[in-house]
Amino acid sequence: MKLKIAYSPCPNDTFVFDAWAHGRVPGAPRLDVTFADIDVTNGWAESGTDTHDVLKVSYAVLPWILDEYALLPCGGALGRGCGPLVLTRDAGTGEDLSGKTVAVPSERSTAYLLFRLWAAEKVPGGVGDVVVMPFHEIMPAVRDGKVDAGLVIHEARFTYRNYGLHCLADMGEHWESTTGLPIPLGAIVARRSLGAETLELLAEAARASVRTAWDDPEASRPYVLEHAQEMDPKVADQHIGLYVNEFTADLGEHGYAAVRGLLTRAAAEGLVPPLGPDALRFP
C-alpha cells in the first residue's frame, strides 16, 4: 500500500513524519509525500476533488471537511505557549485595532479564529479590513507600513524582532488564560473512505514516527533542514520543541477538549458551522 500525503515543509511536520516517510516505521504504509503550505492543504480538503489520502490542515477547517475526512488522534500540533502573535510597528499602539488593517495568513486558519475570538473581546470597535497575504510577506508589510498589524505564526515568534516589530498581543496566551486549554493549531486528517482498519493503521504509524524521532532526533535533522527554507538550525530546533509534544503522540482528553472548545466558540461567533456530536469520533 502506498498512500498520498501532504504536509508542510515546516520543521515540526518534517520531524514528525521523517521516520515514516523514509521507511523506518515497521508495518506502516509507504508514503508519497507532497509539500504544501497549510493554507493550500486547507483548500484541497475543502475542494472535495483532492486526491491525497492524508492531509495536514488547520483545526479551523474541520467543520467543513469532517464528512469526508476523519481527524487522526495524533501527528498534529497543539501546545501551550505557542499561539499566534499580533505584531505592529509601534510599541505604543496598545490593543486598540479599531478600524485598522490587519494582515492574516488565511481566513481558514486556527490563527484567524483565535484572532477573531480575541478581537471580539478586546477590540470593541471592531477591526477594519482583514487582508490575506502569504505568511512570509506579513512581517515586511507591517514593517513597511503597508498594513497596521499582522497576525503571524510558527517561527515568527522567534524572529519578529529582527524586523523591528512589537508584539501587540499573544493569541495563545489569551486562549489559555480564558480556557485553561492547550492551543489547537494543525491537525492530521485522512479520508474516511480508507476504512476503519486503515485509519487505525495510519494513527499507529504517526505515533510510531514521532516516537522514533524523539528517540533519535539527529536522524531527522537532514530532512528537517533540507526543507526548512534556509531557517537557522537553532530556530528549527525551537520550532520543533514548541510544536511537537505529548499532544502530537496522542490528543488525549485535554487535546480533544481544546479542539471542541475552539470550534464551539467560533461557531457561537458565526465564524464556522457548528460541529455534530460525533464529528470528532475516531475512526
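The structure we're discussing is the one just above.
A short tour of the structure in this document, coming up. (Residues numbered from 1 in each chain as written. Predicted model: local features only at pLDDT ≥ 70, side-chain atom pairs only at ≥ 80, totals over all residues. Heavy atoms only, no water.)

One open sheet holds the five strands; their spatial order is β8-β7-β9-β6-β10, and the pairing between them is mixed. This sheet does not close on itself; its edge strands, each paired only once, are β8 (130–132) and β10 (166–170). Neighbour-to-neighbour, the strand axes of this sheet turn through a mean angle of 30°, independent of strand direction. Direction of pairing for strand β7 (residues 102–104) relative to β8: parallel, over a ladder of three bridges. Bridge pairing links V102 to V130 in β8. Seen against the sheet, helix α5 (residues 135–143) touches β6 (85–88), β7 and β9 (149–152) and runs at an angle of roughly 150° to β9. Against the sheet, helix α7 (residues 171–179) touches β6, β9 and β10, its axis set at about 25° to β10. (Pairing = 2+ DSSP bridges. Helix = DSSP H or I, 4+ residues; strand = E, 2+ residues; numbered from the N terminus. Axes fitted to C-alpha atoms, helices over the stretch in contact; angles between N-to-C directions. Contact = heavy atoms within 4.5 Å.)

Along the polypeptide, S47 turns up in helix α2 (residues 38–47). Once the C-alpha coordinates of S47 and V259 are considered, the two residues, 212 residues apart in sequence, prove to be 22 Å apart. Looking at S47, its side chain comes within polar contact range of the main-chain nitrogen of T49, at 3.2 Å. (Polar contact = N/O pair within 3.5 Å; in protein donor to acceptor, adjacent residues only side chain to side chain.)

So, on to the nonpolar core. Ranked by size, the top nonpolar core spans 88 residues in total, and within it W20, V57, L62, L97, F115 and W118 carry the most contacts. Apart from the residues within four sequence positions on either side, L62 is in contact with V57, L71, V189, V259, L263 and L280. Counting residues in each nonpolar core, the second largest holds 13 residues, with L87, I138, A156 and Y160 among its members. (Core = buried A, V, L, I, M, F, W, Y, C linked by side-chain atoms within 4.5 Å. Buried < 20%, exposed > 50% of the residue type's maximum accessible area, 1.4 Å probe, protein only.)

Inspection of the entire model under this criterion finds eight salt bridges. For R24, the salt bridge identified is with D18, shortest N-O distance 2.4 Å. According to the relative accessible area criterion, R24 is partly exposed, its value standing at 36%. (Salt bridge = Lys/Arg side-chain N within 4 Å of Asp/Glu carboxyl O.)

Orientation of helix α4 (residues 110–122) relative to helix α12 (residues 252–268), taken along the N-to-C sense of each, is 55°, at an axis distance of 10 Å. Taken as axis vectors, α4 and α12 run oblique relative to one another. At the point where α4 passes α12, the crossing takes the left-handed sense. Judged by residue contacts, T110, L113, L114 and L117 of α4 engage L262, L263, R265 and A266 from α12. (Parallel < 35°, antiparallel > 145°, perpendicular 65-115°, else oblique. Left-handed = near helix turned anticlockwise from the far one by under 90°.)

What follows deals with the pairing of strand β3 (residues 54–58). Within β3, five of the five residues are buried, which leaves the element mostly enclosed by the surrounding structure. The two faces of β3 match: V54, K56 and S58 on one face and L55 and V57 on the other face are all buried. Alignment of strand β1 (residues 2–7) against β3, held across two bridges, turns out to be parallel. Opposite A6, over in β3, you have L55 as the bridge partner. The sheet contact formed by β3 and strand β11 (residues 183–191) spans five bridges and is antiparallel. Following the sheet pairing, K56 is matched in β11 by I188.

The element β11 is extensively covered by neighbouring structure, given that nine of its nine residues are classed as buried. Note: strand β4 (residues 69–71) against β11, three bridges, orientation antiparallel. In the sheet register, A70 faces β11, and the bridge partner there is A190. The pairing of strand β5 (residues 77–79) with β11 spans three bridges and is classified as antiparallel. Pairing of L78 across the sheet is with P184, part of β11.

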